[in-house]
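One-letter residues, chain by chain:
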Amino acid sequence: MSRCSFGDRASDRHLCQSLVDWFGLFARDLPWRSGRSAYAALVSEAMLQQTQVSRVVDRFNQFMKRFPDVESLAAAEQMEVLAMWQGLGYYSRARNLHQAARVIMDRFEGVIPSCPEQLQSLPGVGRYTAGAIASIVFDRPEPIVDGNVQRVLMRLHARRGEQSGSANINWTWKRAAELVGTTDDPAAFNEGLMELGATVCSRNSPSCDSCPLADHCRSLEAGMVDSIPRPRKRAARTALHQYCVVFRRRDKLLLQQRAGKGLWANMWEVPTIESRTRISSESIVDRFPVPLVDIERIDRFVHRTTHRDVTFHVYRGSTRQRSGHWHDIGHLDEVPLSNPQRRLIAAVLD
DNA sequence: AATCCGGGGAC
DNA sequence: GTCCCAGGATT
């Protein structure tokens, strides 16, 4: 197994030190890096899952202002937590983070644990996030592997294949563990590895001229940087149609909450029926959950997610129904709505 | 091992 | 159009 592609220990120590030194000089000034509380790390790591740093910075600051500690988050209503997450996507992260705060209060006396096993017992905290908190906050020599680390180490050792292949994933965890075990500063090493991937060893046009690890890089040596890792092929998207009717009564809109599983779970929406295929306007009226007096088509657009093309068919409607959750138009920010829901509501109200 | 879960930025 | 992003849970 251990081939010559694994550097010897002296070489590894040099590599780690080069990276730690580089990180000390070039680390970006990010909000969750000041203070270094375990709570800030937990929140930022949850937000950063599959999400780029630039999209998170403002949202992290807002979230921390509203929920400054584990206790305040644990005490919050789910609706408000989801509303703070609105637009970030992958809303199970918010539900899991909220639940994690309650577990920390109930089972860990309000103190975020430092050992990876206990961290991983928290909902939404997997191998990566547990390792990140353990190493970055508590200085433990725990490895972490995210998309950046995977790409950097594969390039460093000229590993062929896709990032997502299990052989490469296992190999990368092993190599990351080996490296973090040789450094004196696991926190700076792990963050440096991710930082390098995000800013220098980027997916498309890496800046090898300014890379602190260029002397160690097998794929640079072999001229293979651009072909590692190989792009993965993705499954085709499936179609989904949503027929959405905006009911307005004075300054209120009728809203409903989505199911607890699946797309946009537990998020809110205007009354909607879903179908895998297009359906006629007659069957819309027949199947609609709210008794319709009449409807008028306003808009239609396609919202694309990773796995679906969702066509939103947008109507304005009227009803005599008084029951249900009629929400103030001026306070829609307090309601967790997906981005396409905000878009269609705006299209009808404007 | 494969699939699902959002949304947007970069190309 | 494509790919990817400080991944995790579920099947």
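Refer to the structure above for everything that follows.
Residues numbered from 1 in each chain as written. Chains lettered and ligands numbered in written order. Predicted model: local features only at pLDDT ≥ 70, side-chain atom pairs only at ≥ 80, totals over all residues. Heavy atoms only, no water.

This next bit is on the protein's contact with DNA strand B. Every one of the 21 residues lining DNA strand B counts as a neighbour, but Tyr90, Trp264, His303, Thr306 and Asn339 are closest to it. What you see for DNA strand B is that sugar and phosphate hold 61% of its atoms within 4 Å of the protein. Leucine 263 is positioned such that a nitrogen or oxygen atom in its backbone is 3.4 Å from a phosphate oxygen of DNA strand B. Asparagine 339 is positioned such that a nitrogen or oxygen atom in its side chain is 2.6 Å from a phosphate oxygen of DNA strand B. The residue inventory of the surface near DNA strand B, partitioned by class, reads six nonpolar, 13 polar and two charged. (Near = heavy atom within 4 Å. Polar contact = N/O pair within 3.5 Å; in protein donor to acceptor, adjacent residues only side chain to side chain. Nonpolar A, V, L, I, M, F, W, Y, C, P; charged D, E, K, R; others polar.)

Further remarks concern the packing of aromatic side chains. All chains considered together, the criterion is met by seven aromatic pairs. On the numbers, 6.0 Å between centres and 35° between planes, the contact of tryptophan 22 with phenylalanine 26 is tilted. You can see tryptophan 22 and its partner phenylalanine 26 sitting in helix H1 (residues 9-26), four residues apart, about one turn around the helix. Ring centres 5.3 Å apart and planes at 80° place the aromatic pair tryptophan 32 and phenylalanine 60 in the edge-to-face group. In this pair, tryptophan 32 sits in the loop between H1 and helix H2 (38-48) while phenylalanine 60 sits in helix H3 (residues 53-66), placing the two residues 28 residues apart along the sequence. By the burial criterion, tryptophan 32 is buried, and phenylalanine 60 matches it. Here the aromatic cluster, defined as three or more aromatic residues joined through ring pairs, consists of Phe63, Phe67 and Trp85. One Lys or Arg, arginine 249, reaches over the ring of tryptophan 326 and ends 5.0 Å from the middle of that ring. (Phe/Tyr/Trp six-rings, centres within 6.5 Å; stacked < 30°, edge-to-face > 60°. Helix = DSSP H or I, 4+ residues; strand = E, 2+ residues; numbered from the N terminus. Buried < 20%, exposed > 50% of the residue type's maximum accessible area, 1.4 Å probe, protein only. Lys NZ or Arg CZ within 6 Å of the ring centre and 35° of its normal.)

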